[in-house]
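Here is how the chains run, residue by residue.
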Amino acid sequence: MTTVTDLLLAMPHPARVLAANVVAYRLDRQRRAGRAYVAGRGLIEEYRKCEWNDLEKRQHRLLLGFLERIKHRIPFYRERIPGGTAADVASRLASIPPLTKDEARLAGKGLIDSEMARDRHFVGRTSGSTGTPFVFRLTYDALRCRVGIRDGFYELHGFDFGELNLRLGGRLFVRAARKRPPFWLRDHVANQVLFSIYHFSEGTMPYFVEALEKYNPRYITGYPSAVQLLASGCRDLGSRYRPKGVFTDSETVLDAQRALVREVWGCEIHDYYGMEVGWVAGQCARGAYHISPLTSVVEVLDEGGNALPPGVPGEIVVTDLTNPLMPLVRYRTGDLAVWSDRECGCGWHTPTLERIEGRMDDLVILPDGRKIGRLDHILKSAANIREAQLVQEKLDRFVLYVVPEQGFDRNCEDHLRRDALARLGRGVSFEIRRVHRLDKTRTGKLRSVVSLVGNGDGGNQKDG
Ligand SMILES: [Zn+2]
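Residues numbered from 1 in each chain as written. Predicted model: local features only at pLDDT ≥ 70, side-chain atom pairs only at ≥ 80, totals over all residues.

Caption draft 1: Geometry of the overall build of the protein chain. Counting secondary structure elements, the protein chain contains 15 helices and 20 strands. Expected size for 464 residues packed as a compact globule is a radius of gyration near 23 Å; at 23 Å, the protein chain falls within 12% of this value. In terms of principal-axis extent, the alpha carbons of the protein chain reach across some 65 × 60 × 50 Å. Put simply, the protein chain has 464 residues, and 38% of those count as buried. (Helix = DSSP H or I, 4+ residues; strand = E, 2+ residues; numbered from the N terminus. Rg over C-alpha atoms; globule rule 2.2 N^0.38 Å. Buried ≥ 20, exposed ≤ 12 C-beta atoms within 10 Å, placed from the backbone.)

Right, here's the structure in full:
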């Protein structure tokens, strides 16, 4: 089947720019319009004005109305949602079994409000754990609300929509085989330059940095791994480019990536967490991840489905309140986070997640039963590394794939090995392999920790 992307890829550059702008115009008209967009865009501002007590009451009212509605209209939830009253809406929610992506996929039409589905709506796709794509459907209002919150989030951090920004995302718009620039596209509608992150390499980096200086975008948004590559490129090539701010999404941000952006560009990363269920949480100026109580209910649960107290990592489970077309109630995201019990003090009156620890799939279980979910701890004192990926090949065998920078020598390796073994513990073997690049997922994301134990999936490094 020929898709819009295939058609775009086949076009010569000027025609492609024109076509991409026409598509962008249509999407923009569809997404940045109407009351839902305006309401979404004003939400974080509202979280600054209203007290938590008031927000929580409003959340409970919304949740009650939502559960009542879908219990009556959606076959899948008829039995799943128990009856109840306004007073116990929180415990009523807690009695609904959490929903996995694969369950949602298997439920198919049973999870959809068939009457609403007759109206035009948005259809999105993500990959399921079995590799089968999960198709989700949103009303346009739900979509607009999401775009609105994200825009409002950018705006609160000083993003000015009148200024040019750069996107480093997973969109494919330049053929992989292309060896010469341009590897980018100017979108006049969103006032954006898009860089094709699939073309980032040592050989092409000077072209990218030159384009960066020419366009001089004031903000950067995109995947942390792509931001990292571009920032190290700027540093190595002595670029004087300085953005006002960097916004990241889609992957867990590593402390080393935040430090690099601070060092090279002199600004902070503002990260937000979101997925099929929309914009779930975003970082305030103090770095805490604030949730959005009027669009979703966020829970952190242990493996048995029990709510976890602050300080204890567990799975993020989200109930999306904005999409009655295909409601995801207590949707298991497969991502790990930790509630904070501190009053943030930044001015947003919403609860916060201290940190988001990444995908549960990336969790590595050590022979002694301990779990490691992030590379941060191992890379803390590592020097001269561009990118790294830890792969657990067997229960007791680890390989760290490293894309080295100049100066990465035996000393650095020894240091890294000592640090890694100190954390991985005795009784495991640990090897460092130097590679030119790390392969990303189909959508251009980097998985920083991969376990091949028990699933045989994810080993995608390229030597050479
Ligand atoms: Zn805060």
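Caption draft 2: Seen up close, the pairing of strand β13 (residues 331-339). Most of β13 sits out of view: eight of its nine residues are buried. Both strand β12 (residues 314-320) and β13 contribute to a ladder of four bridges, which runs antiparallel. The residue of β13 that forms the bridge with V318 is Y331. With five bridges connecting them, β13 and strand β14 (residues 352-359) associate as antiparallel partners. Within β14, the position partnered with W339 by the bridge is L353. (Pairing = 2+ DSSP bridges.)

Caption draft 3: Looking closely at the confidence of the model for the protein chain. In this model, the protein chain carries an average pLDDT of 88, and 92% of its residues clear a pLDDT of 70 or more. Note that pLDDT drops below 50 for residues 455-464; the model gives that stretch 17 contacts with residues more than four away or on any other chain. (pLDDT = per-residue confidence, 0-100. Contact = placed C-beta atoms within 7 Å.)

Caption draft 4: Here's a closer look at helix α5 (residues 52-73). With 22 residues, α5 extends 31 Å from end C-alpha to end C-alpha; this agrees with the ideal 32 Å at 1.5 Å per step. Within α5, burial applies to Q59, L63, F66, L67 and I70. Each buried residue of α5 lies within a common arc of 100° when the element is viewed along its axis, so the set occupies one face. For α5, the exposed residues set more than 90 degrees away from the buried face come down to N53, D54, K57, R61 and H72. Looking at the buried positions of α5, the neighbouring elements they touch are α6 (75-80), α7 (89-94) and β11 (296-301). (Expected span 1.5 Å × (residues − 1). Arc of directions from axis to C-beta.)

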